[in-house]
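What follows is the residue order along each chain.
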Amino acid sequence: MAHFVQDEQKDGARFSWNIFPTSRLDQERMAVPVSCLYTPLYPVEDMARVQYPPIQCKICQSILNPYCRVDFMSKMWVCPFCLQPNNFPHEYQDISAENLPAEIMPKFTTMEYILDQKTQNSPIFLFVVDTCMQPEELVELKTTLLQSLPYLPEDSPVGLITFGKHVHVHELSFEECPKSHVLRGDKEVDAKKIQSLLGVDSRAFQESKTNPGLRFLQRREDVEYQLNTILEDLTKDAWPHKNDQRPARCSGAALNVAVSLLEATSKGHNARIMLFNGGPPTIGPGLVVSQEKKDTIRSHADIVKGKVPHYHKALEFYAKLGERAAACGHIIDIFAGAMDQTGVAEMRGATVKTGGFVVLDDAFEGDVFKGSFARMFVTESEESKALAMCFSGQIDVKCSPEVKVCGAIGAASPLEK
């Protein structure tokens, strides 16, 4: 059993069974199906890192690995998945049983290939802040955001969207005074219309020599003063509501605007949309509960019984937002600070499909929120300023003909291959 634990630590993979069933009867008797729990970017000690692309099978595109049969005389290797013989490239002409490349060394069952590709720019951070919370809660959230800004890379573009009953997209490049574009939060608007209202549609790109989205997304070092000023002056949403009503909170519309903005200006660029939510959405697309307090928010029993008038529609709305963000290589994080439910059950599709974080705490002044938020900005090492973040990861599973992958469970979106 010890060698199984060692292999798990070496590869970051754990199987539900250590052997495969040998017959259909054995397969039917299994209470748990054959599955693998895989941890991408698992910190493997002494992992091999090479500066060249991997050698692939010419038939199934599998990677050369220690389980391949190698003929040192003819300089060929046999793919263990499709049994296709492949020739080694010219650079491997000196290999032998005593002179093995890293790919086929038994101790390197997991390794990294550092490809010579264009270096990605620093990621974009788009903060989406709820202003419907209590003033003291908003002060704590503003303080945390202000303290986190210096930890962002200086060249990282940042943006700010605030919302209550309406969505405010702040134009950080306008230095004379705080300026924002206001969109209705109680109405569902498609992405093209939002992009047109913000001036970042295809027509704006054709007429402008520069990216029109730079008005909303600026380098952190260039707009730190403007961003600090806006956050410090941020107050509770002034839109009134009756005592027997909940605040008008358009979280779904704000997320839709954020996804649409990045979809038009930064497709394929690393980006995070960070939603700070102080309660359930009560108006607009993706609403979880109505404004009337007499209408209680759904419980688990209500979901089981099907007594949820908004649940399925909201679930579909946020799942589509997650699919759009994932297609662009963007991540959606949700930070919820409230004693009551905030609708994360409906919103989970946005984070699951993009690999984002979900942090729940009783308040934004809690240690869980502050500690988790600070943890996001750790660097790869003490000497490096690069954040330990990864984007647009892609997992391909290669199997032998007798094995079929039925699906994946976790924070991932299908490649539709």
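Shown above is the structure to which this text applies.
This report concerns the structure included in the present document. These numbers come from a predicted model, not from an experiment.

1. Looking at helix 10 (residues 344–352)
Piece 1. Among the residues of helix 10, those classed as buried are V344, E346, M347, G349, A350 and T351.
Piece 2. Those residues of helix 10 that are buried are in contact with helix 7 (251–265), strand 13 (271–277), helix 9 (311–327), strand 14 (330–337) and strand 15 (358–361).

2. A few points about the packing of helix 3 (residues 135–148) against helix 11 (residues 367–375)
Piece 1. It is at 11 Å that the axes of helix 3 and helix 11 come closest, and there the two elements cross at 20°. Relative to helix 11, the element helix 3 lies roughly parallel. For the element pair helix 3 and helix 11, the recorded crossing hand is right-handed. Contacts between helix 3 and helix 11 pair E140, L141, T144, L145 and S148 from the former with F369, K370 and F373 from the latter.
Piece 2. Residue composition of the contact of helix 3 with helix 11, grouped by class: 4 nonpolar, 2 polar and 2 charged.

3. Structural notes on the pairing of strand 15
Piece 1. Side chains of strand 15 alternate between two faces, with V359 and D361 buried and V358 and L360 left unburied.
Piece 2. Sheet topology places strand 14 next to strand 15; 4 bridges connect them, and they run parallel. Across the sheet, the residue bridging to I334 is V358, located in strand 15.
Piece 3. Crossover handedness for the path strand 14 to helix 10 to strand 15: right-handed.

4. Some thoughts on the pattern of salt bridges
Piece 1. Across all of its chains, the model carries 15 salt bridges by this definition.
Piece 2. In this structure, the salt-bridge partner of K179 is E171, at a minimum N-O distance of 3.7 Å.
Piece 3. Close ionic contact of R298 with E346 constitutes a salt bridge, the shortest N to O distance being 2.6 Å. A residue pair is termed long-range when its members are at least 10 positions apart, and R298 in the loop between strand 13 and helix 8 (300–305) and E346 in helix 10 qualify at 48 residues. Residues R298 and E346 agree in their burial class; the two are buried.
Piece 4. Overlapping salt bridges, with partners in common, bring together E171, K179 and R215 in one network.

Rules used throughout
Residues numbered from 1 in each chain as written. Predicted model: local features only at pLDDT ≥ 70, side-chain atom pairs only at ≥ 80, totals over all residues. Heavy atoms only, no water. Buried < 20%, exposed > 50% of the residue type's maximum accessible area, 1.4 Å probe, protein only. Helix = DSSP H or I, 4+ residues; strand = E, 2+ residues; numbered from the N terminus. Contact = heavy atoms within 4.5 Å. Axes fitted to C-alpha atoms, helices over the stretch in contact; angles between N-to-C directions. Parallel < 35°, antiparallel > 145°, perpendicular 65-115°, else oblique. Left-handed = near helix turned anticlockwise from the far one by under 90°. Nonpolar A, V, L, I, M, F, W, Y, C, P; charged D, E, K, R; others polar. Pairing = 2+ DSSP bridges. Right-handed = clockwise from strand over helix to strand, strands pointing away. Salt bridge = Lys/Arg side-chain N within 4 Å of Asp/Glu carboxyl O.

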